[in-house]
Every structure is written in C-alpha cells, then in structure tokens.
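Each chain, letter by letter, is given below.
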Amino acid sequence: MPEVSRPLDALNRARDKKVIVELKNHKQYVGNLKSFDIHINVVLENAEEREDGEVKRKLGVIFIRGDTITVISPE
Amino acid sequence: MPEVSRPLDALNRARDKKVIVELKNHKQYVGNLKSFDIHINVVLENAEEREDGEVKRKLGVIFIRGDTITVISPE
Amino acid sequence: MPEVSRPLDALNRARDKKVIVELKNHKQYVGNLKSFDIHINVVLENAEEREDGEVKRKLGVIFIRGDTITVISPE
Amino acid sequence: MPEVSRPLDALNRARDKKVIVELKNHKQYVGNLKSFDIHINVVLENAEEREDGEVKRKLGVIFIRGDTITVISPE
Amino acid sequence: MPEVSRPLDALNRARDKKVIVELKNHKQYVGNLKSFDIHINVVLENAEEREDGEVKRKLGVIFIRGDTITVISPE
Amino acid sequence: MPEVSRPLDALNRARDKKVIVELKNHKQYVGNLKSFDIHINVVLENAEEREDGEVKRKLGVIFIRGDTITVISPE
Amino acid sequence: MPEVSRPLDALNRARDKKVIVELKNHKQYVGNLKSFDIHINVVLENAEEREDGEVKRKLGVIFIRGDTITVISPE
C-alpha cells in the first residue's frame, strides 16, 4: 500500500538542492537547502539575498526562522 | 451512523486535483494538491504564482507554510 | 441539571445551514457550513466570495484556515 | 478561606447578560453572552454589529473567534 | 533562602489596587485589578477607557484578553 | 566540563541591574530588572518610559508582556 | 550512517563567532553569538545595533527575543 505523502517529504527531496525561500517581509533567499525542522526553520548554504529578483548580498550560511517564511520552491 | 465530516476531509478529497491557495500577502498559488498536514502546510505540483489573477511565475513544486494561508479551493 | 453551552455548540447547530464567515483581510465567504474543527478551520459548500457585500466569485467548496477568521454568523 | 477570583469568573457572571465585545479590527458586537471557552471564543445572541458606536447590522447569533477580541464588558 | 521573584508576583501584589493596562492598539484601561491568569487575561473593576490620557468611557467591569496587552503598571 | 550557556542565563545575570527593554511598538522601558519568566514576561522597578530616547513617564513598577518585547540589554 | 543535519546545528557551529541577527522591525544586531535556545532566543556579546548598515549604538550584551528574528548569518 502506498503511503500518503506529507509536505515535509517535499522539503526532504530538496535537500542539498538549490531552493528559493520567500519571507513575509518580501525578501528572498536563494541557496542550497542544508537542513530544516518541523517549525520550518531552514538553513541555506552558498546563499544570496534578493529583493525584487535583484541580488543584494552574498552570504555563506544563513539560518531562517520558520515563522517568517511564506513559501519554499526549487529554483 | 454517519460520521461527522471534518475540514481536513475536504482537503483529502482535493488530493491530486487542481486547487487555488490564497495567502495573507494576497498572492495565489494554483497547482495540484500533492500533500498537506494538520498545520495546513501544503505542497503543490505544476504550480504557478498569480497576483490579481495574472500568472507571475511558473513553478515546478512549491511548499507553502500553513500559517500564511487564508483559503484553499478547487479551481 | 442543564449543561453549560459552549461556543462550538453554536457552530454545530449551524451545520448544513447558510453562514457568513468574515476574515481578518475583510473578505466574506457565504455558503453552507459543512464542517469545522477546534482551530475553527471551516469548510463551506456552494460558497461565494464577497467584498463589501458584493459577490466577487462563485466557489464550489472552500476550506478557510481558522486563524484568519474573525466571526461566523447565520445569514 | 476565600478563593482567588479568576478572569473567566467575570465572564461567567456575565452569561445571558448584554455585553460589548470589541475586536482588533475596531468592530464592536453587542448582544447577550451565550457562551465562551478558554480561548475566549464567544457566542452572542440578539447581536448587532457596531462601528464607531453606530449600528451596522442586526445579527441573530454570532460566533466570535477569541484571538480577534481585545476586550469584553457589560454594556 | 529567599525565593527568586517571578513576574506574576508583581501582578499579585497589585490585586485590588488601581492599575493602568496598555494595549497594542494604544488604548489604556485604568481600574482596580480584580483578577489575572497565566495568559495575562485581566479583569478590572471601576474601569475607564483612556486614549492619549483622556477619559473616553466609564466602564463597570472589563475583561481584557492577555495577548492584546503590552504593559501593566500601578497608576 | 563547562556547561553550554543559555539565553536566560544572561537575563539572570542582569537581575537587579538597570536594563533597557525595547518593545515592538518602539517604546523603551528602563529600570531595574526584578524578575522574568520563560515567556520573557518582565518586571522592572524604578522604571521610566522613553520614546526616541526621551523620558515620557516615571513609573514605579511595570509588568511587560513577553510577546511585545524585541530586545533587552543592560544600559 | 551520517546523521541528517538540523537547523540548530548551524547556530551551534556559529557559537562565539560574529553573526548578524536581523529583526522583523528591520533592525540588525551584530555581535558574538553567546547562546540560543529552541525558541531562537539569542544572546550576543560585544554587540552593536545597525539600521540600514549604519552603526546606531554600541551594546555590551543583548538578549533578542526569538519571535522577532527573521534571519541569522555569520558576518
């Protein structure tokens, strides 16, 4: 019997892949998804911050607090 | 005796069907409902982002954090 | 001894009846109350979206996330 | 020894009495307090909606979600 | 050994005394602190509502939902 | 083996010392840190309220609800 | 078998190192990460407050409440 898939499975498949994380404050962080937890706290590596699609800052590693996130998608 | 239906039953019936997810920030995501959980975290496939009814971006898969969602309906 | 009534009893009495659900973002959804849970997540059938009393969209079924709701009343 | 009184005792004494419920969105609902719970979800009967002290709508029964409420007082 | 004091001790000492309760929406309620709980839900007696220091309304009893409160201080 | 330090240890070391507490509504309260709890509810003594660095009010004791606080620092 | 990494591991590796903490109110605090907990409450030492990249205040120690934080990154 196939198991029902859950939302965190999709994040799990995106591990080590490049994703865009969008925040309630309209900032975007693009980087490799290193880890996440049930609160959707997220860590990206080789990250950059974008605003309106434009690169604002290069960041090595960034920790993003889950409750500030709206959506996460592979780039 | 018929069981009382619950809100998540309606989401369950919408699995693999096309739905519109509306966010507190007024964005809309349209796609096939792949999974959801009790926090109403949602994953859509073949998704696109719309703003005021207009397509803004094509997205493969998107994870939407539950607390940012207002309503979900079949398209 | 009569039992003390609780708020969810009122929602229970409104099952399958027409209700107006008002949201923090000032939208209104009118439809038949199909189900609700303790988070006040709600499902309406034969729903329509109104803004300032005017019908904006006809919807079959709609799932409304509880934390976005302000009030629910029979129409 | 007298027991220390608790906030919900005050709501309990207001049962079936006329109260004003004020919301974060500045709306006011006036009606008879039929029920409440620990989340301060509230049901009023013979309710009316007021805005800036002016009656906007007559409502039979209204369910008000607790987290949208600021204060409750007997009229 | 003296016990470490806790924030609710300060509210306990203010019982039956006149306090000012300030809300996130900038309203102030002044009255005798009748009761409070761990959510900081508060009941005042002989209360009045003030806005910018000016009395707006006389209220007998008022229940204030904790999550709308910023600070409480003896007048 | 040295224990890992935790954020509340820093508040503990500031007990009875003068601290600045900043709120989401941009007000600042300066006073002696009398007590705090895990919600970061805080009580100050000999407190004063400041806005843009300017003293607005002298207060004896003030209870500050934790969820309204952004930062706490020794003055 | 390698363990799956978690978001708090990244904060753990940043202990005693210089980090930038960004808040929902757009303030930034730069300093050495002394401690954090599961709520992402954070304590920085040798901290300074910045706004739009400009130093506003030098602070010795600062406690930052977790729910006000958006992102944390090594400088």
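Here goes a summary of the coordinates provided. (Residues numbered from 1 in each chain as written. Chains lettered and ligands numbered in written order. Predicted model: local features only at pLDDT ≥ 70, side-chain atom pairs only at ≥ 80, totals over all residues. Heavy atoms only, no water.)

Side note on the relation of the copies chain B and chain A
(1) Moving on: When chain B is fitted to chain A, the residual RMSD is 0.0 Å, and the transformation amounts to a turn of 51 degrees plus an axial shift of 0.0 Å.
(2) Moving on: Here only 5% of the interface residues in chain B have copies in chain A that are interface residues too; the copies meet through unlike faces. (Least-squares fit on C-alpha atoms with pLDDT ≥ 70 in both. Contact = heavy atoms within 4.5 Å.)

Details of the environment of S73 of chain D
(1) Moving on: By the secondary structure assignment, S73 of chain D is in strand 5 (residues 69–74).
(2) Moving on: Sequence-wise, S73 of chain D and L8 of chain D are 65 residues apart; in three dimensions their C-alpha atoms are separated by 12 Å.
(3) Moving on: Beyond its immediate sequence surroundings of up to four residues, S73 of chain D is in contact with V19 and I20 of chain D together with L59, V61 and I62 of chain E. (Helix = DSSP H or I, 4+ residues; strand = E, 2+ residues; numbered from the N terminus.)

Topic: the interface of chain A and chain G
It is common to give the size of an interface as the accessible area lost on bringing the parts into contact.
(1) Moving on: Every contact between the two is made by 22 residues of chain A and, on the other side, 20 residues of chain G.
(2) Moving on: Across the interface of chain A and chain G, roughly 1600 Å² is buried in total on both sides, 55% from carbon and sulfur atoms.
(3) Moving on: The three residues of chain A that bury the most area against chain G are R57, F63 and R65 of chain A, which together make up 39% of that side's buried surface.
(4) Moving on: Of the charged contacts, one joins E22 of chain G and K27 of chain A as a salt bridge, the two residues approaching to 3.4 Å between their closest N and O atoms. (Buried area = accessible area lost by both parts, 1.4 Å probe. Salt bridge = Lys/Arg side-chain N within 4 Å of Asp/Glu carboxyl O.)

A word on the arrangement of the chains
(1) Moving on: There is no contact between chain B and chain D; across them, the least C-alpha separation is 14 Å.
(2) Moving on: Spatially, chain E is disjoint from chain G: no contact exists, and the shortest C-alpha separation is 14 Å.

Overview of the relation of the copies chain A and chain G
(1) Moving on: It takes a turn of 51 degrees to lay chain A on chain G, together with a shift of 0.0 Å along the axis; the resulting RMSD is 0.0 Å.
(2) Moving on: Here only 5% of the interface residues in chain A have copies in chain G that are interface residues too; the copies meet through unlike faces.

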